[in-house]
Amino acid sequence: MSVPFLEENDQTRARQEHLESLRQLVGNAYPNKFERSHLVDPQREDTITSVVEKYRSFQPQLSEGERPAPEPIELANQQLNSVTVRVAGRIASPPRVMGKAAFVHLSDGVTRLQIYVKRADVKGVSNDAAQGEVDGWELFTLLDHGDFIGVEGYFFITKTGELSIHVQQLQFLAKALLPLPDKMHGINDPEIRQRQRYADLIAGSLQLERDENDLTPRETFERRSKIISELRRILEYHGYVEVETPMLTSKATGAAARPFKTHHNALDIDLYARIAPELYLKRLLVGGFEKVYELNRNFRNEGIDRTHNPEFTMLEFYWAYADVNQMMDFCEEMLRATVFAALSHTHVNYRGQDIDFSQPFQRLTMRESVKRFAPDKEISDESLLKLFEEHVEPGLIQPTFIYDFPKIVSPLSKASPKNPAVAERFELFIDCMECANGFSELNDPAEQYQRFLDQMSQRERGDEEAMVMDEDYIRALSYGMPPAAGIGIGIDRFVMLLTNKQTIRDVILFPHMRPERRAGEGEPAESEE
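Note that the coordinates shown come from a computational prediction; the quantities given were computed from them, not determined experimentally. By convention here, each chain's residues receive numbers from 1 onward along its written sequence. Totals for whole chains, interfaces and linings use every residue, but because this is a predicted model, local features are given only for residues with pLDDT of at least 70 and side-chain atom pairs only at 80 or more, for both listing and counting. Excluded from the side-chain calculation are hydrogens and water; included are all heavy atoms of the structure.

Our focus in this paragraph is helix H9 (residues 324-343). The terminal C-alpha atoms of H9, which comprises 20 residues, lie 28 Å apart, in line with the 28 Å expected from a rise of 1.5 Å per residue. Exposed residues in this analysis have more than 50% of their type's maximum accessible area, buried residues have under 20%, and partly exposed residues fall in between, with area computed by a 1.4 Å probe over protein chains only. Under the scheme used here, helices are H or I runs from DSSP no shorter than 4 residues and strands are E runs no shorter than 2 residues, and both carry numbers assigned from the N terminus. The set of residues buried in H9 consists of Val 324, Met 327, Met 328, Phe 330, Cys 331, Glu 332, Met 334, Leu 335, Thr 338, Val 339, Ala 342 and Leu 343. Between a side-chain oxygen at the N-terminus of H9 and the backbone nitrogen of Asn 325 the separation is 3.1 Å; the capping residue is Asp 323. An expected span of 1.5 Å times one less than the residue number is assigned to each helix. Counting of polar contacts relies on pairs of N or O atoms within 3.5 Å, with two restrictions inside protein: one atom must be capable of donating a hydrogen and the other of accepting it, and residues adjacent in sequence are counted only when both atoms are side-chain atoms.

Here we take up helix H11 (residues 381-392). Look at H11: 16 Å from first C-alpha to last across 12 residues, which is about the 16 Å you get at 1.5 Å a residue. Every buried residue of H11 is listed here: Leu 384, Leu 387, Phe 388 and Val 392. For H11, the buried positions fall inside an angular range of 105° around the axis, keeping them on one side. The exposed residues of H11 that point more than 90 degrees off its buried face are Glu 382 and Lys 386. By the convention used here, residues are in contact when the closest approach between their heavy atoms is within 4.5 Å. Those residues of H11 that are buried are in contact with helix H10 (366-370), strand S18 (400-406) and strand S19 (422-430). Think of it as the arc spanned by the lines of direction from the helix axis to the C-beta atoms.

Close inspection of predicted coordinates is inappropriate in any region flagged by low pLDDT. As a per-residue quantity, pLDDT reports the predictor's confidence and falls between 0 and 100. Model confidence for the protein chain is summarised by a mean pLDDT of 92, while 96% of its residues fall at 70 or above. Residue range residues 524-529 is modelled with pLDDT below 50. Its contacts to residues more than four positions away, or to other chains, number 16 contacts.

Looking at where Glu 332 falls in the secondary structure, it is placed in helix H9. Side-chain polar atoms of Glu 332 contact the side chain of Arg 363, separated by 3.3 Å.

All right, on to the sheet that holds strand S12 (residues 269-273) then. Strands belonging to one sheet form pairs held by backbone hydrogen bonds; the direction of such a pair is parallel or antiparallel. Any two strands between which DSSP finds at least two bridges are classified as paired. Strand order in the open sheet made by the 3 strands is S10-S12-S11, with antiparallel pairing throughout. Every other strand in the sheet has two partners, leaving strand S10 (248-249) and strand S11 (260-264) as the edge strands with one partner each.

Strands sit in the order S9-S13-S14-S21-S20-S19-S18-S17 across an open sheet of 8 strands; the sheet is mixed. Each having just a single partner strand, strand S9 (241-242) and strand S17 (362-365) make up the two edges of the open sheet. Relative to the sheet, helix H7 (residues 217-237) contacts S9, strand S13 (291-299) and strand S14 (311-320), its axis offset from that of S13 by approximately 150°. Axes, fitted as lines to C-alpha atoms, cover a helix only where it is in contact. Angles between the N-to-C directions of the axes lie from 0 to 180 degrees. Set on the sheet, helix H14 (residues 491-499) makes contact with S13, S14, S19, strand S20 (433-440) and strand S21 (484-490); between it and S20 the angle comes to about 135°.

Two measures define how a pair of helices packs: the angle their axes make with one another and the distance between the axes. Helix H13 (residues 471-478) packs onto helix H8 (residues 278-287) with a crossing angle of 25° between their chain directions and a minimal axis gap of 9 Å. Viewed along their axes, H8 and H13 adopt a mutual orientation that is roughly parallel. Of the two elements, H8 crosses H13, and the hand of that crossing is left-handed. Note on element contacts: H13 touches H8 through Asp 472, Tyr 473 and Ala 476, opposite Leu 279, Lys 282, Arg 283 and Val 286. A breakdown of the residues in the contact of H8 with H13 according to their chemical character gives 4 nonpolar, no polar and 3 charged. Roughly parallel refers to an angle under 35 degrees, roughly antiparallel to one over 145, roughly perpendicular to one between 65 and 115, and oblique to any angle outside these ranges. Each crossing is labelled by how the near helix is turned from the far one, with a counterclockwise turn of less than a right angle marking it left-handed and a clockwise turn marking it right-handed. Put simply, Ala, Val, Leu, Ile, Met, Phe, Trp, Tyr, Cys and Pro go in the nonpolar bin, Asp, Glu, Lys and Arg in the charged bin, and everything else, Gly too, in the polar bin.

So, about the pattern of salt bridges. Side-chain pairing between opposite charges can occur once the charged atoms of the two side chains come close. In what follows, salt bridge is the name for a side-chain nitrogen of Lys or Arg lying within 4 Å of a carboxyl oxygen of Asp or Glu. Evaluation of the coordinates by the stated rule reveals 34 salt bridges. Notably, a salt bridge pairs Lys 175 with Asp 147, separated by 2.7 Å at the nearest N-O pair. Of this pair, Lys 175 sits in the loop between strand S8 (163-174) and helix H5 (190-195) while Asp 147 is found in the loop between helix H4 (136-141) and strand S7 (148-157), placing the two residues 28 residues apart along the sequence. For Lys 175, a relative accessible area of 8% puts it in the buried group. Take Asp 147: its relative accessible area is 0%, and that puts it in the buried class.

Attention shifts here to the nonpolar core. Among buried residues, those of type Ala, Val, Leu, Ile, Met, Phe, Trp, Tyr and Cys that are joined through side-chain atoms within 4.5 Å constitute a nonpolar core. Counting residues in hydrophobic clusters, the biggest one holds 47 residues, and the most contacted among them are Leu 315, Phe 317, Met 334, Leu 497 and Leu 498. Top element by residues in this core is H9. It accounts for 10 residues. Aside from chain neighbours lying at most four places away, what touches Leu 497 is Val 348, Tyr 350, Ile 355, Ile 430, Asp 431, Met 433 and Cys 435. Core analysis: the next-biggest nonpolar cluster, separate from the first, contains 39 residues, Val 26, Tyr 55, Leu 139 and Val 167 among them.

Attention now goes to a nonpolar patch on the surface. Together, Leu 201, Leu 509 and Phe 510 make up a nonpolar patch on the protein surface, roughly 270 Å² of accessible area in all. Structurally, the position occupied by Leu 201 is in helix H6 (residues 197-206). A residue counts toward a patch only above 30% relative accessible area and without a salt bridge, and it is joined to like-charged neighbours within 9 Å or, for Val, Leu, Ile, Met, Phe, Trp and Tyr, to nonpolar neighbours within 5 Å. The accessible surface values rely on the Shrake-Rupley method and a 1.4 Å probe; as for residues, cover is taken only from the protein chains in view.

Now for the packing of aromatic side chains. Two aromatic rings, drawn from Phe, Tyr or Trp (for Trp, its six-membered ring), form a pair once their centres lie within 6.5 Å of each other, and the interplanar angle then sorts them: stacked below 30 degrees, edge-to-face above 60, tilted otherwise. Taken as a whole and assessed by the stated rule, the structure comprises 14 aromatic pairs. For the pair Phe 103 and Tyr 116, a centre-to-centre distance of 4.9 Å together with 40° between the ring planes defines the contact as tilted. Remark: Tyr 116 occurs in strand S4 (residues 112-118) and Phe 103 occurs in strand S3 (residues 101-107); sequence separation between them is 13 residues. The exposure class assigned to Phe 103 is buried, which follows from its relative accessible area of 14%. Their ring planes at 65° and their centres at 5.9 Å tell us that Tyr 116 and Phe 156 sit as a pair that is edge-to-face.

Our focus in this paragraph is unusual backbone geometry. The backbone of Gln 131 shows a phi angle near 50°, a positive value even though the residue is not glycine. For Gln 131, the location among the structural elements is in the loop between strand S5 (123-125) and strand S6 (133-135). In this structure Gln 131 comes out as partly exposed when scored by relative accessible area, which is 45%.

As structure tokens, this is what we get:
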């Protein structure tokens, strides 16, 4: 049985024929498991990466073009030939067949390991319940580049000095019905990379030619994981408690944005994918938590561009009894530590710019930043934000806190005690991108109620992103919320900086894109880039 929507050509037909022959030979072509050995760690299965790291020291150290001497290889093999290993992986290169033997490389997505298959020595394993023996060489001849196999054998060093496994048992695990991407250059088309992330990850693991400073797709997402783990570690070290708040809410509150709307049939109510968890997290401050955080997915029904995706990851946390200045200090300290943990240094090369996290972040009021481009007398509350976005934001390369925002665009933040016309709010800009937004939290229920009324008036005048009234949040504040500071940090944009990726889609495993059009359905959709 073939897969109906796969492109049919000589390669896919040959692979399908090999699959049918494999079924005749081994029975079940997609077995349930393969048991790997435990040489490196008795508590963990051996991966190709782990065994290569453990045994690579047996490889002779050679200069380019140098051939190893036979004596050290013989000494190494006296030890290695007694080590039996069982590993599994993807065939990462077309086999090099030399008469009745062949070499091929296996990959676990990170590391390659050469295997040696000799017709006289290899036994095949049936995938039926009894797992009997089949012709191992015949099984090997039916394999294609990209297939998954499991092997058992002993280590040895080849005459060229490469660590390899002499295969004694071979088991087929899964067929690659499609040919793999170009192993030399990877996938260059960003549309394919982002739409077919699985192919992008495969191509990155096979790619032979790349800049040593350029991360593979897997390395990019491993670094993302490391960044998030370090942020979690820092917060938990400082006493923050991780919580979870609703992703479907009855009101689209917590930020100024257009929501996604759905309907719950059993309750017969409309619900919204959350645009921010802010009001729920502050309810927890009311309830007695003093430090809370959430690594949350937010959803906003807005445009898509280099720095925006409809679904994105935000870190939000709240700190009772602190104000905006303490939050700026903590944000700077946390990001600097995270950069060092991820990169082992504090200088980030992004889009050809050297961004220095080791120096104190610049801090400017919004009005101070705009006065460089416009006379103070021409700056009003209404024009301040527009002037900032047009003239200042494009030049903010190094980490810079912009604070003292107009109160009119900060409905959830406290007014400054020094100037009631501005909000105690800041945004952090790095390479012209807003990467964080924080403020001293408004905790006066009467004033918050009036701010919501003002937002409702803006909605009535056509502003679809203005906030809606949240009566329950006002009730929560009426129980009393301590003074507090809060912040939201855009994880995707921060990862972009630390991986030198130019678009947010390159740091999201499965970004949203227009539907793919198949042949015969008209012109293909244009990339949103």
